[in-house]
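# Coordinates in review
Single-letter residue listing:
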Amino acid sequence: MTEIRTSEKGRILCVLGPTNTGKTHLAVERLLSHRSGIIGLPLRLLAREVYDRAVKIKGERHVALVTGEEKIVPKGAQWFVCTVEAMPLDRHYDFLAVDEIQLSADAERGHVFTDRLLHARGSEETMFLGSDTMRGLVRRLVPNAEFIARPRLSQLSYAGAKKLSRLPKRSAVVAFSANDVYAIAEAIRRQRGGAAVVLGALSPRARNAQVELFQNRDVDVMVATDAIGMGLNLDIEHMAFAALSKFDGVGMRPLYPSEAGQIAGRAGRHLRNGTFGTTGDCPPLDPDLIERIENHRFDPVVAARWRNPELDYSSIAALVASLEQPPPREGLTRGRDADDLLSLQALRTDTAVAERATRKDRVELLWQVCAIPDFAKDLADSHARLLSQIYVHLVDRDGRLPQDWVAGQLRNIDRTDGDIDTLSQRLAHIRTWTTVAHRGGWLEDAQSWQAKTRAIEDRLSDALHEKLTERFVDRRTSVLSRGLAEDPASLNVQLGEDDALTVEGEIIGHVRGLRFRAVGHETVEQRRILRSAALRVLGPALQSHAEALLALPDENFALSPEGGLLLITAEKESVPLAVLVKGTEVLEPKLQLLADDQLPAETRKAVEEKLAGWLKRHLRQHLGDLYRLRDAEMKGAARGLAFQLAENLGALRRDDVSDLVRHMGQAERHPLRKMGVSFGETHILVPKLLKPKPTQLKTLLWAVAQGREPDAPPTPGLTSLPILEWREDAWWMAAGFLRAGRHAFRLDVVQRIAEGARKAEQASRQPVQKAEPAPAQKPEAAPPVDTADIVPPEQQQIEPVGEQIEQPVEAPAELPVPEIHVEQPAAAEAPVAETPKPKKRLGPPGSFLPDTAWMNLAGCGADELHRLLWALGYKPITARDPETKTDVTLYLRSHKAIVAKRQREQEKRREDEAKMADSPFAALMALKQQATPKKR
């Protein structure tokens, strides 16, 4: 170590105590009160803060800043602000101070602080600042030191665990890795509008810009690494731990109580009390640890880290041996190998380095190169390769680096594109080159290179700050948070012509229809802040919108397939005004107005009446037949049928109303037919309502009445379609379709196919007609009907068709085939010569072949038609054509279908009777019967 030319006669003062005792403030005052002085600080960020403060008092010409990668040393500098490692101790100082002296116990950096404690002195006054845990050790190592205890200026208390969204304002969250810091900051941005980010790897410029966001109250939360615990004076009221363990260069370990106390102590500034606690996934603090932090009671430091300052440069081996010497006295212990020693051990195996490090001056130069820090924290071999290149160039070029090579290195770094991690890496690399530029005489025109590296660092710092702010800070919410906290009435809130609401020039949302919608904000807290700011102009804006809406014609409104009543603007944009909700009847849905509370009650009522009137006209325009059926003046069964058609949206299964239809004559049916009602084989419906627009409205009304989300109706123009997702039969009926297995058919097509099947069935039951005699040809005797021509049931194979869907369907996977009984014909008489061969029936009476025209009508294949005929009550049978000797599929009315139909009719009748028995009319009739005297 260079010999220190400072006096040993000055006063040595140790100012010890917890955080927020004003120790650093006292040292800076003492520094500036002497004619000259130097102060060593643990972080370059803190050094920069103290330097800026000293410059304001003494001026730039008299204050110097010396850190590992930054040197500002005016010729007339009298006061030096430095990092502890960079303190220039070959000068004379009246005053000398070292802050955070308890870092003497740090495994990696401790030997530097121990060296300053043992050897660095000011001629008039020396001051060591730190934790009270150093009292005993300092007393042993520096017997002539005086001690001053400084009590904490404010109280520190435990506040428990809090969610990130519930952290109090002016909070700092501490994490122990850059990834954790970024993740927490991202979460806070989503929940609270933004956070400032402070990491030890940031340049002073980027760090100060981030701190300014917090200090200026642009954001209320800061997320930082544990570097925040080293004397940074910030306006923090609550400190939250996101974790209680850290990686210390060797492995993960829990925080020491003194480290936790150092971090927690950042809360509370000057006379304001502070709190600490946990957040996120951090486990709860141990009660003993809480008591220690609150009372600043920690275990004393028993040994300081030491490394030999007297180095032997005769060879690399001698240098390593001198660095590894054991401590000379009690109270000192060897620390962990520092980065410079690790770099030396890596370079000693490098052939190019070993060939050149053969003289004392070259070994000393090698040690200087090894002191270049690895700011990027690259892999050891990557940093070692760079140091090897630097050393070889210095040795081969008389202690100078080639300018072209250095310029090429800087060109690769001087780029401001990329994400946060990319910019952080470039910033770390340029800091390494800034350190190289400040090492004495390694570059020609060193000041020019220092200016270049400083300019690149500034550009990268600004770009990184912008990226951090863009990612972790929502400026709109920040502006509102600060304005609402200070004076909400002072905020400049305006509503533009495009209905954009701005606060202090920042667009925070738009008035759409009768509601305010914030933009770019994701949490309830953010939306609450925006709404609070918007209240001053929101009421008049909504009133103006409502008045304009009341004057619009019907053409400006529409009903969406999802059940929203929309306003169609001049720009063809749709703005939701209301949604349909369940009413007393399926045809009478209610409207729920989508309007903010700031809309006046009278205006709200007028808008609701206008929209309700439009909805009434719209539904009657497209579903007028249903409303006419519901309101028709009819009597008896016709009235009941009309009402049920209206309630079921224009389509009924004939089986469900068989009692009504059975008792209706043609005279009673005539009024219904005039109103568009069709009486089909299987359904009674209004065919006009099968058009696309009525179908869309019917499915919407059905969903609203059922309290469900509306589903898209079938594609217009299709007469049948495959079922890809399960929907209830009632929905298909409302859409005008019949579900048959995994396929759906439009009801008018079903009607025509059902009628065709009935006619084919009737024709099959007619007796076989004999042909006219043909005299020119003598016919052969007709063979008897052979039952072998009909395939037995056990040999019939009916394969299921269609694809599986989630819910069961009516048609089973394998259709049962009933036994077929065919009467044997009587013994045939002798054929008459002039009688031709009669036409033979393929199956039993009532069976028929499906017409291929039905598939064309339905737009489906044979498998789908099979499903439809099954749903209509026909079962398939297989018979053999005696002429072609091939199997054909016939359809025969199923006895089970007939029985099931009768059961459905009976169940429907019982349900109607039960409803009648429970009705007020039945109770009234019972009372009348009781009151009427019986006839004798």
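Keep in mind that this is a model prediction, so the values were computed, not measured.

About the cut-offs
- Residues numbered from 1 in each chain as written.
- Predicted model: local features only at pLDDT ≥ 70, side-chain atom pairs only at ≥ 80, totals over all residues.
- Heavy atoms only, no water.
- Helix = DSSP H or I, 4+ residues; strand = E, 2+ residues; numbered from the N terminus.
- Buried < 20%, exposed > 50% of the residue type's maximum accessible area, 1.4 Å probe, protein only.
- Areas by Shrake-Rupley, 256 points an atom, 1.4 Å probe, with all protein chains shown as cover.
- Phe/Tyr/Trp six-rings, centres within 6.5 Å; stacked < 30°, edge-to-face > 60°.
- Lys NZ or Arg CZ within 6 Å of the ring centre and 35° of its normal.
- Axes fitted to C-alpha atoms, helices over the stretch in contact; angles between N-to-C directions.
- Parallel < 35°, antiparallel > 145°, perpendicular 65-115°, else oblique.
- Contact = heavy atoms within 4.5 Å.
- Nonpolar A, V, L, I, M, F, W, Y, C, P; charged D, E, K, R; others polar.
- pLDDT = per-residue confidence, 0-100.
- Pairing = 2+ DSSP bridges.
- Salt bridge = Lys/Arg side-chain N within 4 Å of Asp/Glu carboxyl O.
- Polar contact = N/O pair within 3.5 Å; in protein donor to acceptor, adjacent residues only side chain to side chain.
- Expected span 1.5 Å × (residues − 1).
- Core = buried A, V, L, I, M, F, W, Y, C linked by side-chain atoms within 4.5 Å.

### Some thoughts on the overall build of the protein chain
Regarding its fold elements, the protein chain presents 30 helices and 34 strands. Counting every position in the protein chain, which comprises 936 residues, the buried fraction comes to 47%. Accessible area of the protein chain: about 46,900 Å², with a carbon and sulfur share of 50%.

### Some thoughts on the packing of aromatic side chains
Counted by the stated rule, this structure contains nine aromatic pairs. Summarising the aromatic geometry, the rings of Tyr182 and Phe472 are spaced 5.7 Å apart at their centres and angled 20° between planes, so their arrangement reads as stacked. Here the residue Tyr182 occupies a position in helix 5 (residues 178-192), and Phe472 occupies one in helix 16 (residues 446-472), the gap between them amounting to 290 residues. Summarising the aromatic geometry, the rings of Phe848 and Trp854 are spaced 6.2 Å apart at their centres and angled 70° between planes, so their arrangement reads as edge-to-face. A relative accessible area of 5% places Phe848 in the buried class. Connected via pairs of aromatic rings, a cluster forms that spans Trp731, Trp732 and Phe737. Above the plane of the ring of Trp731 lies Arg727, whose end atom (NZ or CZ) is 4.4 Å from the centre.

### Topic: the packing of helix 14 (residues 403-413) against helix 16
Contact pair helix 14 / helix 16: the axes reach a minimum separation of 11 Å and the direction vectors enclose 10°. With respect to helix 16, the axis of helix 14 lies roughly parallel. Residues Gln403, Val406, Ala407, Leu410 and Ile413 of helix 14 touch helix 16, and the partners they reach there are Trp449, Thr453, Ile456 and Leu460. Taken together, the residues of the contact of helix 14 with helix 16 break down into seven nonpolar, two polar and no charged.

### A few points about unusual backbone geometry
Peptide bonds are trans in most cases, and residues, glycine excluded, mostly fall at negative phi. Its identity is not glycine, yet His296 carries a phi of approximately 55°, on the positive side. As for its placement among the helices and strands, His296 is situated in the loop between helix 8 (287-295) and strand 17 (304-306). One non-glycine residue, Asp445, lies in the positive phi region at around 55°. Relative to the elements of secondary structure, Asp445 occurs in the loop between helix 15 (420-438) and helix 16. Residue Asp445 is classed as exposed on the basis of its relative accessible area, which comes to 53%.

### Structural notes on the confidence of the model for the protein chain
In this model, the protein chain carries a mean pLDDT of 83, and residues with pLDDT of at least 70 account for 82%. Overall, residues 1-8 carries pLDDT values under 50, and its contacts beyond four positions in sequence, including any with other chains, amount to 21 contacts. With pLDDT under 50 throughout, residues 776-836 is counted as low confidence; its partners more than four residues away or in other chains account for 87 contacts.

### What about the pairing of strand 7 (residues 125-130)?
Taken residue by residue, a regular strand's side chains alternate between the two faces of the sheet. Extensive coverage of strand 7 is indicated by the burial of six of its six residues. Here strand 7 shows a buried face lined by Glu125, Met127 and Leu129 and a second buried face lined by Thr126, Phe128 and Gly130. Of the strand pairs in this sheet, strand 1 (residues 11-16) and strand 7 are connected by six bridges, and their pairing is parallel. For Val15, the partnering residue across the bridge sits in strand 7 and is Leu129. With four bridges joining them, strand 6 (residues 95-98) and strand 7 adopt parallel strand pairing. In the strand pairing of strand 7, Phe95 is matched with Glu125.

### Let's talk about the pattern of salt bridges
Under the defined criterion, the tally for this structure stands at 51 salt bridges. Among the salt bridges present, the one from Glu186 reaches Arg189, with a minimum N-O distance of 3.6 Å. Remark: Arg189 and Glu186 occur in helix 5; sequence separation between them is three residues, near one turn of the helix. Classification of Glu186 as buried rests on a relative accessible area of 18%. The closest approach of N and O atoms between Glu681 and Arg758, which form a salt bridge, is 2.4 Å. With Glu681 in the loop between strand 28 (678-679) and strand 29 (683-685) and Arg758 in helix 26 (residues 747-765), this pair connects stretches of sequence that are 77 residues apart. Residue Glu681 is classed as partly exposed on the basis of its relative accessible area of 34%. When salt bridges that share partners are traced, they join Glu585, Glu588, Arg620, Arg630 and Asp631 into one network.

### Describing the side chain of Ser322
Mapped onto the elements of the fold, Ser322 is located in helix 9 (residues 316-323). In this structure the side chain of Ser322 is engaged in a polar contact, spanning 2.7 Å, whose partner is the backbone oxygen of Leu319. With sequence-adjacent residues up to four places away left out, Ser322 is seen in contact with Asn308, Glu310, Leu311 and Asp312.

### Thoughts on the sheet that holds strand 32 (residues 743-746)
The strands making up a sheet are joined through hydrogen bonds of the backbone, oriented either antiparallel or parallel. On the basis of which strands lie adjacent, the open sheet formed by three strands has the order 30-32-31 and antiparallel pairing. Across the chains shown, the open sheet's two edge strands, defined by having one partner strand only, are strand 30 (720-722) and strand 31 (737-740). Between one strand and the next, the sheet's axes are offset by a mean angle of 20°, whatever the strand orientation. Where strand 31 meets strand 32, four bridges bridge the pair, whose relative direction is antiparallel. In the sheet register, Ala740 faces strand 32, and the bridge partner there is His743. Helix-sheet contacts for helix 28 (residues 862-871) involve strand 31 and strand 32, and the interaxial angle to strand 31 is about 100°.

### A short note on the sheet that holds strand 25 (residues 574-585)
Ordered by their spatial adjacency, four strands build an open sheet running 23-24-25-26, and the pairing between neighbours is antiparallel. In the strand order of this sheet, the two ends are held by strand 23 (557-559) and strand 26 (588-593), each with one partner. Within the sheet, the average angular offset between the axes of one strand and its neighbour, ignoring direction, is 35°. When strand 25 meets strand 26, the two strands line up antiparallel, connected through five bridges. Within strand 26, the residue paired with Val579 across the bridge is Gln592. Strands in contact with helix 24 (residues 692-706) are strand 23, strand 25 and strand 26; relative to strand 25, the strand with the most contacts, it is inclined by about 65°.

### Quick look at helix 21 (residues 636-647)
Over its 12 residues, helix 21 runs 17 Å from end to end, which matches the ideal 16 Å to within 8%, given 1.5 Å per residue. For helix 21, the full list of buried residues reads Ala637, Ala638, Leu641, Ala642, Leu645 and Ala646. Remark: Leu649 follows helix 21 within two positions and exhibits a positive phi of approximately 60°.

### Section: helix 28
Those residues of helix 28 lying buried are Leu865, His866, Arg867, Leu868 and Leu869. Summarising the contacts, the buried residues of helix 28 are in contact with strand 31, strand 32, helix 26, helix 27 (852-858), strand 33 (874-880) and strand 34 (887-893). Following helix 28 by one or two positions, Gly873 has its phi on the positive side, about 105°.

### A word on the nonpolar core
Core analysis: the biggest nonpolar cluster contains 65 residues, and Leu611 and Leu672 have the highest contact counts within it. Leave out the neighbours within four places in its chain, and Leu672 touches Leu629, Met634, Ala638, Leu641, Ala642, Met664, Val677 and Phe679. Counting residues in each nonpolar core, the second largest holds 64 residues, with Val173, Ala242, Leu365 and Val395 among its members.

### Regarding the environment of Arg653
If you trace the backbone, Arg653 turns up in strand 27 (residues 651-653). Sequence-wise, Arg653 and Thr682 are 29 residues apart; in three dimensions their C-alpha atoms are separated by 6.1 Å.

### Considering the environment of Ser764
Tracing the sequence through the fold places Ser764 in helix 26. Note on Ser764: relative accessible area 11%, which makes it buried. Measuring from C-alpha to C-alpha, the distance between Ser764 and Gly846 comes to 4.9 Å, with 82 residues separating the pair along the chain. Within the structure, Ser764 has its side chain in polar contact with the backbone oxygen of Ser847 (distance 2.6 Å).

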